[in-house]
Amino acid sequence: MSGQDLALAPAGCSHGPPAGRAPPSAEPGEDGVLFGPFLLRPGARALERNGAPVAIGSRAMDILLVLVARAGDVVSHRELVARVWRGLVVASGTLRVHVAALRSVLQDRDATPRYIANIPGQGYAFIGAVRRGGALALPVPVPAVSTGARRTLPPRLARMVGREGCTALLARELLAHRFVTIVGPGGMGKTVVALAVAHAVAPAFGEAVHFIDLGTVEAPADLAQMIAEAVGLVTAPARAMADLRQRLAGTRMLLVLDNCEHLLEAVAAIAEQLFAETEVHLLTTSREALRVEGERAFPLAPLATPAEAEGLDADSAMAYPAVQLFVERVHSSGKAFALADADAPLVAGICCRLDGLPLAIELAAGRVGTYGLQGTAELLLRRFGLYWRGRRTAMPRHQTLHALIDWSYQLLGEGERRMLQSLSVFGCSFTLDEALALAWTPGRDAVALADDLGGLVAKSLVAVAQAPGAAVRYRLLETTRAYAHEKLRASGQLDATVQRHAAGLARRGGAHTPGRPGTVLAALWCLEGRPRLGVLRPVRGDAAGAEHGPLPLPGGAAWSDQI
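Residues numbered from 1 in each chain as written. Predicted model: local features only at pLDDT ≥ 70, side-chain atom pairs only at ≥ 80, totals over all residues. Heavy atoms only, no water.

### Points about the overall build of the chain
Within the chain one finds 21 helices and 19 strands. Per-residue burial for the chain yields a buried fraction of 48% across its 563 residues. In the chain, the share of contacts with a sequence separation of at least 24, taken over all contacts with a separation of at least 6, comes to 67%. Surface summary for the chain: the accessible area is close to 25700 Å², and the carbon and sulfur share equals 55%. (Helix = DSSP H or I, 4+ residues; strand = E, 2+ residues; numbered from the N terminus. Buried < 20%, exposed > 50% of the residue type's maximum accessible area, 1.4 Å probe, protein only. Contact = heavy atoms within 4.5 Å. Areas by Shrake-Rupley, 256 points an atom, 1.4 Å probe, with all protein chains shown as cover.)

And the structure:
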């Protein structure tokens, strides 16, 4: 195998038409084959993309010519080697190397191929639709090819904390109703639970269990072909959904579609079709329900935490899954640790502040060996936890809490982003009216604002709480609130939002500072665990309030605009 054979851009290769010459025609002509944005001219051994020449090595060109000539057929490894190397003896991996080089030229991905598919144990097939000769030539039909894929299910965790009950419930629901979506915010453990459920029901499906992580899929158009590839079906992109329905008809199979939130429309359409037209069981995970026929949405709750930390002993604290997870993760980080009675309230407080969010608890526990329990708790109060890094092998958006929430934030509409930022000034739960009053801006009526809040609830960024007989209240998880507060500060709207919050407190009879007419002391509890002044200015504009300087802080210090 020579260096020249592997070269994708040989010396002297042209990268554009000569000066003064028009770009080549986009039609195939008598000696041309069109596929996607590419035009292959076999006689000239030339490849163009959108009219511009493409540099390609000689062996890669030979492979492409053979595969395109047999578009839709599987060409065996033996035949490809014989036709490309013509009697030469080559190393066993040589063909694979040159096919990879060809795929790179065509910008084709192995996981979701558009043009060249690897058929395990058989060979390669050109699966893209092609046009030969004149513009009216019909595409070559590309039949679906089954590769007989076996189970693709990652191993489950050796031990899962606090999820045994919901795993058993979800397994029953999935077998009974065929279509379940596990819904929750990032870091809640949806993937872990989905894997546990899949392993629990796997015996009912034999080898027909397939786990598909959609987190790496960017284009909705690639989704059907990626699912087809996972179940062992190689097909053309344009036919992927039709071939998938035909392949799965009458088949008892479990598909686990993980991380669906950024492809909701595409996943919803495919899932609804598969549910209606096949016997496939579907288990999906998303930060938002798909809202399609047949789906049963299951909100995944946080791990249970102690309601009161004060006076808690170690045995009582260890009865709660959040505390169990924290202690186990401290151990796994390499620190010898046994929960003492004296430390139990502090650990319980950390777990409560992190809202029982498993990923947040794991990240905090991993810092105990460096900062100690007290130091870790203090750093959490100062929002340092947003940027603590987790497992190196985790996906980038799962390596820090900031990246995790940012993934969800980038999927929001502009109105939802503004609403989330505004809600970060609430230190506790709030009502619908309070949220609407706080988030009001010119040009946004109450209906639009309520839709924004509803969107945040649906996307698991705002939690809903309703006690029996009481009105619905909303709240942000502390990690989400810290992130949104950063965004609010960066937007330049922090002061105006706090002013509106204080005005709202005044209208609802909020506490006025004694002797300070017209000034509302909106004591917003910040993440550092101490109250800060929400508003330093009079909110009703009376002169008496305007005369006074900064209000005194407890202990004799002065309030300052530190929010």
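Having seen it, we continue.
### Section: helix α13 (residues 358-365)
Across the eight residues of α13, seven count as buried, placing the element largely inside the fold. Buried residues along α13 sit in contact with α11 (321-332), α12 (344-353), α14 (368-381), α15 (401-409) and α19 (478-491).

### Section: the layout of surface pockets
In this structure, the second largest pocket occupies an estimated 770 Å³ of space. If you tally residues by element for the lining of the second largest pocket, the top one is α12, at four residues. Of the residues belonging to the lining of the second largest pocket, the class tally is 23 nonpolar, six polar and four charged. (1 Å grid on protein atoms, 1.4 Å probe; cavity = no way out; pocket = protein on both sides within 12 Å on 5 of 7 lines; lining within 4 Å. Points joined across faces, edges and corners; volume = space filled by probe spheres on them. Nonpolar A, V, L, I, M, F, W, Y, C, P; charged D, E, K, R; others polar.)

### A short note on the packing of aromatic side chains
In this structure the tally under the stated criterion is nine aromatic pairs. With a centroid separation of 5.4 Å and an interplanar angle of 65°, the aromatic rings of Y409 and Y483 are classed as edge-to-face. Of this pair, Y409 sits in helix α15 while Y483 sits in helix α19, and the two are 74 residues apart along the sequence. Overall, the relative accessible area of 5% leaves Y409 in the buried class. Pairwise contacts between aromatic rings join F35, F38, Y115 and F126 into one cluster. (Phe/Tyr/Trp six-rings, centres within 6.5 Å; stacked < 30°, edge-to-face > 60°.)

### Some points on α19
End to end, α19 covers 20 Å across 14 residues, agreeing with the expected 20 Å (1.5 Å per residue, within 8%). Among the residues of α19, those classed as buried are E478, T479, T480, R481, A482, Y483, A484, H485 and L488. Following α19 by one or two positions, G492 adopts a phi angle in the positive range, close to 80°. (Expected span 1.5 Å × (residues − 1).)

### A few points about the nonpolar core
Judged by nonpolar contacts, the single largest core of 61 residues is most densely connected at V193, L254, L283, F326 and L339. The element that contributes the greatest number of residues to this core is helix α6 (residues 190-201), accounting for seven residues. When neighbours within four sequence positions are excluded, L339 is seen to be in contact with A314, A317, M318, V323, V327, A344 and V347. Within the second largest apolar cluster, 34 residues are counted, among which are V217, M241, A266 and A271. (Core = buried A, V, L, I, M, F, W, Y, C linked by side-chain atoms within 4.5 Å.)

### A few points about the sheet that holds strand β6 (residues 116-119)
The strand order across the open sheet built from three strands is β5-β7-β6, with neighbouring strands paired in antiparallel fashion. Each having just a single partner strand, β5 (74-76) and β6 make up the two edges of the open sheet. Each neighbouring strand pair of the sheet contributes to a mean axis angle of 30°, computed without reference to strand direction. For β5 and strand β7 (residues 123-126), the ladder comprises three bridges, and the chain directions are antiparallel. Along β7, the bridge assignment pairs S76 with G123. Each of β5, β6 and β7 touches helix α2 (residues 58-69); the most contacted strand, β7, lies at about 70° to it. (Pairing = 2+ DSSP bridges. Axes fitted to C-alpha atoms, helices over the stretch in contact; angles between N-to-C directions.)

### So, the pattern of salt bridges
Counted under the stated rule, the structure contains 19 salt bridges. For E173, the salt bridge goes to R296, with nearest N and O atoms at 3.4 Å. One end of the pair, E173, is in helix α5 (residues 164-177); the other, R296, is in strand β15 (residues 296-299), and 123 residues separate them in sequence. The exposure class assigned to R296 is partly exposed, which follows from its relative accessible area of 39%. A salt bridge links R291 to E288; its shortest N-O distance comes to 3.1 Å. By relative accessible area, which is 63% here, R291 ends up exposed. Three or more residues are tied together by salt bridges with common partners; here these are R70, D73, E79 and R83. (Salt bridge = Lys/Arg side-chain N within 4 Å of Asp/Glu carboxyl O.)

### Some points on unusual backbone geometry
Phi is mostly negative for residues that are not glycine, and the peptide bonds are mostly trans. Positive phi values are uncommon outside glycine, yet R45 reaches one of about 50°. With respect to the helices and strands, the residue R45 is situated in the loop between β2 (38-41) and β3 (46-49). Despite not being glycine, S460 shows a phi value in the positive range, around 65°. With respect to the element layout, S460 can be found in the loop between α18 (446-458) and β16 (463-465). Judged by relative accessible area, which is 14%, S460 ranks as buried.

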